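As a plain string of letters, each chain reads:
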Amino acid sequence: MTSFHHLFLLAFSIFNFLIFLKGFYESKYKNNAFGLTRPLVFIGVFVWADAVIFGLFWVMASLITYFLQDWYLFLLITSIFWVVRSLGEVIYWLNQQFSTLKRNPIENLPWQSIFHNDSVWFVHQIIWQCVMAISLVFTIYLSHMWLQTF
């Protein structure tokens, strides 16, 4: 691993620990577990409750790969994370599409200005299907690259 990789993993670990603390505070003390966290989507955090779990996940993933000195392993973990996370989102939006309980009103969704009706839910579903497909390709590729390091 290069010094950039070391620095990135340490910074990423510290950043995610702070995200964990903020998520814990928002969830436990402000009763804001479902509060949206759009700037944190890049680490899979959509609401503050996600931050509690995923913050610790990314801290552990960063530190383990830092101590193992294995950048490809970190990339592989990231790719597998996005396969699992996007599968969960596909299921979530599929369920939302057919549920009578609307946790995500159409008017609050970012694609509402283009899709003016409940089609916005299946748009979210297919977006996450695309993320899953891309993540699967990266997982296969990175698995190959990681196995070559042995």
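Our structure's up above, just so we're on the same page.
A brief structural summary. (Residues numbered from 1 in each chain as written. Predicted model: local features only at pLDDT ≥ 70, side-chain atom pairs only at ≥ 80, totals over all residues. Heavy atoms only, no water.)

**Remarks on the environment of Ile-114**
Residue placement: Ile-114 occurs in the loop between helix H3 (71-98) and helix H4 (119-148). Distance in space between the C-alpha atoms of Ile-114 and Tyr-66 is 43 Å, their sequence separation being 48 residues. (Helix = DSSP H or I, 4+ residues; strand = E, 2+ residues; numbered from the N terminus.)

**Observations concerning the nonpolar core**
Core analysis: the biggest nonpolar cluster contains 26 residues, and Leu-40, Ile-43, Val-45, Trp-58, Phe-74, Trp-121 and Trp-128 have the highest contact counts within it. Among the elements of the structure, helix H1 (3-28), helix H2 (48-68), H3 and H4 are those that each provide at least two residues to this core. Looking at this core element by element, the count peaks at seven residues for H3. When near neighbours in sequence (up to four residues on either side) are disregarded, Trp-58 contacts Phe-12, Asn-16, Ile-43, Phe-74, Thr-78 and Phe-81. (Core = buried A, V, L, I, M, F, W, Y, C linked by side-chain atoms within 4.5 Å. Buried < 20%, exposed > 50% of the residue type's maximum accessible area, 1.4 Å probe, protein only. Contact = heavy atoms within 4.5 Å.)

**Comments concerning the environment of Phe-115**
Among the structural elements, Phe-115 can be located in the loop between H3 and H4. Judged by its relative accessible area of 29%, Phe-115 is partly exposed. When residues no more than four places from it in sequence are discounted, the contact partners of Phe-115 are Val-120 and Val-123.

**Thoughts on a nonpolar patch on the surface**
On the surface, Ile-14, Phe-17, Leu-18, Leu-21 and Leu-56 cluster together into a nonpolar patch covering about 460 Å² of accessible area. Among the elements that line the nonpolar patch, the one with the most residues is H1, at four residues. Tracing the backbone through its elements, the reader meets Leu-56 in helix H2. On the basis of relative accessible area, Leu-56 is assigned to the partly exposed category, the value being 36%. (Patch = residues over 30% accessible without salt bridge, like charges linked within 9 Å, V, L, I, M, F, W, Y side chains within 5 Å. Areas by Shrake-Rupley, 256 points an atom, 1.4 Å probe, with all protein chains shown as cover. Salt bridge = Lys/Arg side-chain N within 4 Å of Asp/Glu carboxyl O.)

**A word on H3**
The first and last C-alpha atoms of H3 sit 41 Å apart over 28 residues, in line with the 40 Å expected at 1.5 Å per residue. N-cap assignment for H3: the residue whose side-chain oxygen lies 3.4 Å from the backbone N of Tyr-72 is Asp-70. (Expected span 1.5 Å × (residues − 1). Polar contact = N/O pair within 3.5 Å; in protein donor to acceptor, adjacent residues only side chain to side chain.)

**Some words on the packing of aromatic side chains**
A complete count under the given rule lists 23 aromatic pairs for this structure. A ring pair is formed by Phe-12 and Trp-58, whose centres lie 5.6 Å apart and whose planes are at 70°; its orientation type is edge-to-face. You can see Phe-12 sitting in helix H1 and its partner Trp-58 sitting in helix H2, a full 46 residues away along the chain. Residue Trp-58 is classed as buried on the basis of its relative accessible area, which comes to 1%. Both rings, one in Tyr-92 and one in Trp-93, keep their centres 5.2 Å apart while their planes meet at 85°; by these two values the pair is edge-to-face. The exposure class assigned to Trp-93 is buried, which follows from its relative accessible area of 6%. By way of ring pairs, the aromatic residues Phe-4, Phe-8, Phe-12, Phe-46, Phe-54, Phe-57, Trp-58, Trp-71, Phe-74, Phe-81, Trp-82 and Trp-128 are connected into one cluster. Its guanidinium or amino end placed over the ring of Trp-48, Lys-22 lies 5.4 Å from that ring's centre, counting from NZ or CZ. (Phe/Tyr/Trp six-rings, centres within 6.5 Å; stacked < 30°, edge-to-face > 60°. Lys NZ or Arg CZ within 6 Å of the ring centre and 35° of its normal.)

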